[in-house]
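Here's the letter readout for the chains.
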Amino acid sequence: MLVLVSYDVSFEEPDGKRRLRRIAKICENFGQRVQYSVFECVVEPAQWVQLRHRLLDAYDEDRDSLRFYFLGKNWQRRVEQHGAGTTYDPETDTLIL
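About the cut-offs
Residues numbered from 1 in each chain as written. Predicted model: local features only at pLDDT ≥ 70, side-chain atom pairs only at ≥ 80, totals over all residues. Heavy atoms only, no water. Helix = DSSP H or I, 4+ residues; strand = E, 2+ residues; numbered from the N terminus. Expected span 1.5 Å × (residues − 1). Buried < 20%, exposed > 50% of the residue type's maximum accessible area, 1.4 Å probe, protein only. Arc of directions from axis to C-beta. Salt bridge = Lys/Arg side-chain N within 4 Å of Asp/Glu carboxyl O.

Some remarks on helix H2 (residues 45–58)
Then step 1. Look at H2: 20 Å from first C-alpha to last across 14 residues, which is about the 20 Å you get at 1.5 Å a residue.
Then step 2. Those residues of H2 that sit buried are Trp48, Leu51, Leu55 and Ala58. An end-on view of H2 places all buried positions within 100° of arc, on one side of the element. Turned more than 90 degrees off the buried face of H2, the exposed positions are Pro45, Ala46 and Val49.

Some words on the pattern of salt bridges
Then step 1. If you walk through the whole model with that rule in mind, you get six salt bridges.
Then step 2. For aspartate 15, the salt bridge goes to arginine 19, with nearest N and O atoms at 2.9 Å.
Then step 3. Judged by relative accessible area, which is 29%, aspartate 15 ranks as partly exposed.
Then step 4. Through salt bridges with shared partners, a single ionic network connects Asp15, Arg18, Arg19 and Asp64.

Laid out in structure tokens, this is it:
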């Protein structure tokens, strides 16, 4: 299933940048960054449980925001990409960084 993960981390406290890096790293381990704070993650149910748990442990619920959008298995019909950036298929394309 495809899960879109977006986050907003507050920098009002000194540890905000550390939380931001930690959340981004967790997302990078499960998906592909498509915008600065937005990741597309193709995960199995067990992976989703792990991803969600790790993100909820990393963020500060009083200062930060996490949003999850579930696009399911037939996500290809629900996603359109326009403008700058390269389109990719997270289930078939391999990205080498």
